[in-house]
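# Descriptive analysis of the structure
Read off the chains here:
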Amino acid sequence: MRQKLVAGNWKMQGSREMAETLAGGITAGIGEAPPCAVAVCPPYPYLDEVGKLLAASPVELGAQNLAVEDEGAYTGEVAGGMLADFGCHFVIVGHSERRALYGEDDAMVAAKFLAAQRHGLVPILCLGETLEERESGVTENVVGRQLEAVIAAAGVSALGRAVIAYEPVWAIGTGRTASPDQAQEVHAFTRSLIANKDAKIADSVQVLYGGSVKPANAAEIFSMPDVDGGLIGGASLEAESFLAICAACG
Ligand code: PEP
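Residues numbered from 1 in each chain as written. Predicted model: local features only at pLDDT ≥ 70, side-chain atom pairs only at ≥ 80, totals over all residues. Heavy atoms only, no water.

### Digging into the packing of helix 1 (residues 16-30) against helix 2 (residues 47-54)
Relative orientation of the contacting elements helix 1 and helix 2 amounts to 20°, with a least axis distance of 9 Å. Considering the angle they form, helix 1 stands roughly parallel to helix 2. In the packing of helix 1 onto helix 2, the handedness of the crossing is right-handed. Within the contact between the two elements, helix 1 uses Arg16, Ala19, Glu20, Ala23 and Thr27 and helix 2 uses Glu49, Val50, Leu53 and Leu54. Here the residues of the contact of helix 1 with helix 2 sort into five nonpolar, one polar and three charged. (Axes fitted to C-alpha atoms, helices over the stretch in contact; angles between N-to-C directions. Helix = DSSP H or I, 4+ residues; strand = E, 2+ residues; numbered from the N terminus. Parallel < 35°, antiparallel > 145°, perpendicular 65-115°, else oblique. Left-handed = near helix turned anticlockwise from the far one by under 90°. Contact = heavy atoms within 4.5 Å. Nonpolar A, V, L, I, M, F, W, Y, C, P; charged D, E, K, R; others polar.)

### What about the packing of aromatic side chains?
Overall, the coordinates contain one aromatic pair when judged by the stated rule. Taking NZ or CZ as reference, Arg98 lies 4.2 Å from the ring centre of Tyr102, over its face. (Phe/Tyr/Trp six-rings, centres within 6.5 Å; stacked < 30°, edge-to-face > 60°. Lys NZ or Arg CZ within 6 Å of the ring centre and 35° of its normal.)

### With respect to empty space enclosed by the protein
Overall, the coordinates contain one cavity of 30 Å³ or more when judged by the stated rule. If you add up the space inside the largest cavity, you get close to 30 Å³. Lining the largest cavity are Gln64, Asn65, Ile92, Val93, Gly94, His95, Arg98, Glu104 and Lys112. By residue class, the composition of the lining of the largest cavity is two nonpolar, four polar and three charged. (1 Å grid on protein atoms, 1.4 Å probe; cavity = no way out; pocket = protein on both sides within 12 Å on 5 of 7 lines; lining within 4 Å. Points joined across faces, edges and corners; volume = space filled by probe spheres on them.)

Set out below in structure tokens:
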């Protein structure tokens, strides 16, 4: 039985004050034994402060991105070792915004996945198709290609120390959610692709759904057999709605 995970992606939103209030609200409301594992991924400058606020709670800290390289003359980049230094447990890699806006291709995402694991971080590997790709019937080709690139670089066993997030690009920040059946279909496909290489890893890897998850739709999506929780953007920016989504795991 896989434990569910709900992770908040705060993106480049808010302020120091908002980060403190949000982290405080989440830790105050989460309780000592939440119904699922919980994580938040604040912007880099707030990692230290949020990490301290989370320290006595079960909520894990994550980052939204990392450098491929471990150190050196890479102005503006942040290395995995630095994130580990700040107490990060997770790091998001391959978010569709990074792929689309910053030109991160499958090879770079795979390199970031490897960089994360070199530093003991658990990558949350995002996969997902655009609306155009879905409408032309190539969703499985796209998701399969994105996943195979990481497996080719890291080996299937590396997925035993990773989380996958299926995030259809057309559902991110749009208010348009994949139906539970649409999510289940891609999650099952993803798991079957892994099962062809290693059944045990396929059975144990958490596959999260991301894309306009809200308190009102979370329970239905999370009830699907291959959906192991969610990666939450907009609704993670308010403690009340994020906590309600966590509660929907129960
Ligand atoms: C995301 O940014 O990963 C995400 C899923 O955003 P939203 O929940 O706002 O669609």
